[in-house]
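# Residue-level structural notes
So the chains spell out like this:
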2 protein chains.
Amino acid sequence: MTFPEIIGKKRDGESLTREEIARFVRGAGNGGLAGEQLAALLMAICIRGMTAEETAWLTEEMLQSGEMWHLADAVPEAVDKHSTGGIGDTVSLIFAPLMAAVGVPIAMMAGRGLGHSQGTLDKLEAIPGFRVGWDRGGMLDLLERCGAAVVAQTDDIAPADRTLYALRDITATVPSLPLIVGSIMSKKLALGAGTLSLDVKCGSGAFRKTLPEAKELAEALRSVARSAGVACEAVITEMDQPLGPALGTACEVRQAIEIIEGRGSAPLREVTLRLAEEALVLRGRDRTSARADLEKALDDGSAAVAWEAFVRAHCGNPDPDLLARPRRVVDVLAEGPGRLTAVDGEDLGRAAVEVGAGRRRLDEVIDYGGGIEVLVRLGDPIEPGQPLARVLLGERPVDEPAVIDKVREAFTLAHDAPEQPPLVYGTPELT
Amino acid sequence: MTFPEIIGKKRDGESLTREEIARFVRGAGNGGLAGEQLAALLMAICIRGMTAEETAWLTEEMLQSGEMWHLADAVPEAVDKHSTGGIGDTVSLIFAPLMAAVGVPIAMMAGRGLGHSQGTLDKLEAIPGFRVGWDRGGMLDLLERCGAAVVAQTDDIAPADRTLYALRDITATVPSLPLIVGSIMSKKLALGAGTLSLDVKCGSGAFRKTLPEAKELAEALRSVARSAGVACEAVITEMDQPLGPALGTACEVRQAIEIIEGRGSAPLREVTLRLAEEALVLRGRDRTSARADLEKALDDGSAAVAWEAFVRAHCGNPDPDLLARPRRVVDVLAEGPGRLTAVDGEDLGRAAVEVGAGRRRLDEVIDYGGGIEVLVRLGDPIEPGQPLARVLLGERPVDEPAVIDKVREAFTLAHDAPEQPPLVYGTPELT
């Protein structure tokens, strides 16, 4: 069968065989297929979908296109955590020392900022000296020394995903469920932790805008993980507004430290605790005592001790006074009175990228001083002139009036009080 | 709106605006869009379809991507003819001198062989000296001298179509109705004849396998032509088997000459007469007298005189003894008794390409001596050992047993007499 014939099968809504999917993924990984053919099949998959079986094969072939770290072979009790992507989402930075503090090894491979979201690696690199480039041996050494490791995904992990991800971005095939599942799970399985806690974002600022969509994604991700022998739970959480107030790099590190020290944004603390609780339950712990241990670790300073050890082990300096600060801060004020009924997370995220929290071009340098702080939450009554957000300006030259307008327009006020979404929808069964 | 957002609209089944379609076609014509983005949109169009309005815009934008010859401005009475593609389809070679013989100027832009089909240009170039490269002035001069012109489509005609056609071939997006209509009609409108007779093939050897599919294509093509002010009729004809027995280049020229001289394959003669008759009716002639004039021209030698003038005007030598002949001929014999119930036209066409009637690689040279002659038609009773087809072998080295097997397997025998498809289904209204 020729490759155009394989594309034609999916175009007509037929299922592909494992060997056909393998040819697709191999061709993406080694350049053996034209980008145009990959793009056509991606669009056919995006419109026609894939069965659970096809999705599992796609994931496995993408996984096998690169290196596998088999983490569970070396550290069977190690936990991994993943979020499907949102803004103000500083959970990973808190999750790592929190799990270490309660004695569970935590290992993650993280990425850089993409589109309107800020990347965990970019945030960690705002800490002076923090090093994210480690190989498998380096990760095991970090786990040995501080019980927590967050490293950059290497080029050898799921190389087919890198090709396909770049293609999806320019061909409007990002929102396809099987393609999202394949992309996420191939990388998770390449690290190979035995336990995985998944945060599936739901709302206007997420890939999946509605609860049924988020539930579908949560079930698909969990199902592929469990089929691969990973103990996995997925929690659906709200992304109609930033999870924590800070969007940026250094400012998100400060936000993480607040939570780690038992202070700070209640929603960010709550989502982190819930994901950590699920991880402990997956590792066999009783839910109530697990929750109590986690809260205690944040409140009694043991998470803060673990954070210092985590930063030092990664060659960073944990002194918070060394984190970059903005050179100037501009408050964005509300125009009319009303209640806050909607927040455009993509626009806010893009504004944060503009002022330094991300790269507008691949060769641009992050400005660790730049970012946004959101000062209101959905449902809040807003007075005219009340600050909605604070734009943190660093060294990068910025079209300031345009950014301020974009931030202001990201907030929608209305007279009626909106219905408040819950912060945590729960696991697919509970929603 | 970014181009991925335009792709996303079609992915979700929405209609595109004229300006969005224009960006797509311009990007294909000038290389301003990545091939991957064109491929993704082609697949979305292939699955989601296009409205009649979108299809007309697509055609017009493709037309305007290149040069337009405005033939009707110079020769208002000139007729064009097009077939959607089949095998043993030598109609164009007969149609040109036949129309010239009855005093109607006939002008066509033709292409080379593609995939399993043999190209009109390749057939004409089997005539020693025959020249197909002419510009607009050259075409007008040919019409002046012999009343008939068949020229190669130049690179300046609908350049966007060339890019998109090559992409469609490798991305399984060839069978899309709006893409077929845009590709065919942009080239027809670029020549700009005032009258167009369309042969829409229907059957196992055609793009459109069933009568409803063929009817849909016939109506769409005719509708775009008529909207552009062209007098147009479409006739649906059968392509469940080769139209004439010969598949090749020199052997198809010989087959054309037989018909032109009033002999030869009845189905090929009949389809040619019907398409010519429609053209004359479109030019205002009474159907019965038009038909009589056409038959007379084939039978009384006037078409043969016009053929000689046509070939000479194009710098060719009309002596049929100069046409290449095979070096060797192999008869393919039937194995069992039965009736001929199916012919795989694609396999037969590919076998003809193998033995020289086409190019297996872009740099390959046509072998004018090679080809296939089919000796049976659907419904014929077949005896064991009876010749089904004759493989004409020229100079090109060929895997002879493989070709013979492919030809034999292209014929399906069964005990029951199959239902015979009609040769001519008629115009969309009559089917």
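You'll find the structure just up there.
We now turn to the structure provided with this report. (Residues numbered from 1 in each chain as written. Chains lettered and ligands numbered in written order. Predicted model: local features only at pLDDT ≥ 70, side-chain atom pairs only at ≥ 80, totals over all residues. Heavy atoms only, no water.)

Further remarks concern the overall build of chain A. For chain A, the helix and strand inventory stands at 17 helices and 13 strands. Relative to the globule expectation of 22 Å for 431 residues, the C-alpha radius of gyration of chain A, 21 Å, shows essentially globular dimensions. Along the first, second and third principal axes, the C-alpha set of chain A runs to 65 × 45 × 45 Å. When burial is assessed residue by residue, chain A has 57% of its 431 residues classed as buried. Counting only contacts in chain A whose residues sit at least 6 apart along the sequence, the fraction spanning at least 24 positions is 78%. For chain A, the accessible surface area stands at approximately 16,300 Å², while carbon and sulfur atoms represent 49% of it. (Helix = DSSP H or I, 4+ residues; strand = E, 2+ residues; numbered from the N terminus. Rg over C-alpha atoms; globule rule 2.2 N^0.38 Å. Buried < 20%, exposed > 50% of the residue type's maximum accessible area, 1.4 Å probe, protein only. Contact = heavy atoms within 4.5 Å. Areas by Shrake-Rupley, 256 points an atom, 1.4 Å probe, with all protein chains shown as cover.)

On to the relation of the copies chain B and chain A. Superposing chain B onto chain A takes a rotation of 179° combined with a translation of 0.1 Å along the rotation axis, leaving an RMSD of 0.1 Å. Taken together, the rotation and translation describe the operation of a two-fold axis. Residues of chain B ranked by C-alpha distance from the rotation axis are headed by B:Glu36, positioned 2.0 Å from it. When the interface residues of chain B are mapped onto chain A, 100% of them are again interface residues, pointing to one common binding face. (Least-squares fit on C-alpha atoms with pLDDT ≥ 70 in both.)

The next thing to look at is the sheet that holds strand β8 (residues 338–343) of chain A. All names here are of chain A. What the three strands build is an open sheet, ordered β10-β8-β12; its pairing is antiparallel. This sheet does not close on itself; its edge strands, each paired only once, are β10 (381–382) and β12 (411–414). Alignment of β8 against β12, held across four bridges, turns out to be antiparallel. Its bridge partner lying in β12, Ala342 is registered against Thr412. (Pairing = 2+ DSSP bridges.)

Once that is clear, we can look at unusual backbone geometry. Backbone geometry at A:Cys315 places phi at a positive 75°, although glycine is not the residue there. Take A:Cys315: it is sitting in the loop between α15 (302–313) and β7 (328–333). Accessibility expressed as a relative area gives 43% for A:Cys315, which makes it partly exposed. Although it is not a glycine, B:Ala158 adopts a positive phi angle of roughly 40°.

Moving on, we come to the packing of aromatic side chains. All names here are of chain A. Under the criterion given, the structure shown has four aromatic pairs over all chains. Ring centres of Phe130 and Phe310 lie 5.7 Å apart, and the angle between their planes is 55°; on these two criteria the pair is classed as tilted. Of this pair, Phe130 sits in the loop between α7 (120–124) and α8 (136–146) while Phe310 sits in helix α15; the two residues are 180 residues apart in sequence, bridging distant segments of the chain. Judged on exposure class, the residue Phe130 and its partner Phe310 are both buried. Judged by centre distance (5.8 Å) and plane angle (35°), the rings of Trp307 and Phe310 are tilted. Here the residue Trp307 and the residue Phe310 both occupy positions in helix α15, the gap between them amounting to three residues, near one helical turn. You'll find Trp307 and Phe310 in the same group, each marked buried. By the ring-pair criterion, three or more aromatic residues cluster together here, those being Phe130, Trp307 and Phe310. (Phe/Tyr/Trp six-rings, centres within 6.5 Å; stacked < 30°, edge-to-face > 60°.)

Turning next to the sheet that holds strand β7 (residues 328–333) of chain B. Residues and elements named next belong to chain B. Pairing in this open sheet of four strands is antiparallel, and the strands run β6-β9-β11-β7 from one edge to the other. Every interior strand has two partners, whereas the edge strands, β6 (246–248) and β7, have only one. Shown here is a sheet whose adjacent strand axes are inclined to one another by a mean of 20°, direction ignored. Contacting β7, β9 (371–374) and β11 (387–393), helix α17 (residues 400–409) crosses the sheet at an angle of about 45° to β7. (Axes fitted to C-alpha atoms, helices over the stretch in contact; angles between N-to-C directions.)

Residue and element names in this part refer to chain A. Helix length check: helix α10 (residues 177–191), at 15 residues, gives a terminal C-alpha distance of 22 Å against a target of 21 Å (1.5 Å per residue), a fit within 8%. Counting buried positions along α10 yields 14 of 15 residues, so the element is predominantly enclosed. Following α10 by one or two positions, Gly192 has its phi on the positive side, about 80°. (Expected span 1.5 Å × (residues − 1).)

With that settled, consider the packing of helix α8 (residues 136–146) of chain B against helix α15 (residues 302–313) of chain B. Residue and element names in this part refer to chain B. The interhelical angle for the contact between α8 and α15, taken along N-to-C directions, is 150°, at an axis separation of 10 Å. In this structure, the crossing between α8 and α15 has a hand that is right-handed. In this structure, α8 contributes Leu142, Arg145 and Cys146 to the contact, and α15 contributes Ala309, Phe310 and Ala313. Residue composition of the contact of α8 with α15, grouped by class: five nonpolar, no polar and one charged. (Left-handed = near helix turned anticlockwise from the far one by under 90°. Nonpolar A, V, L, I, M, F, W, Y, C, P; charged D, E, K, R; others polar.)

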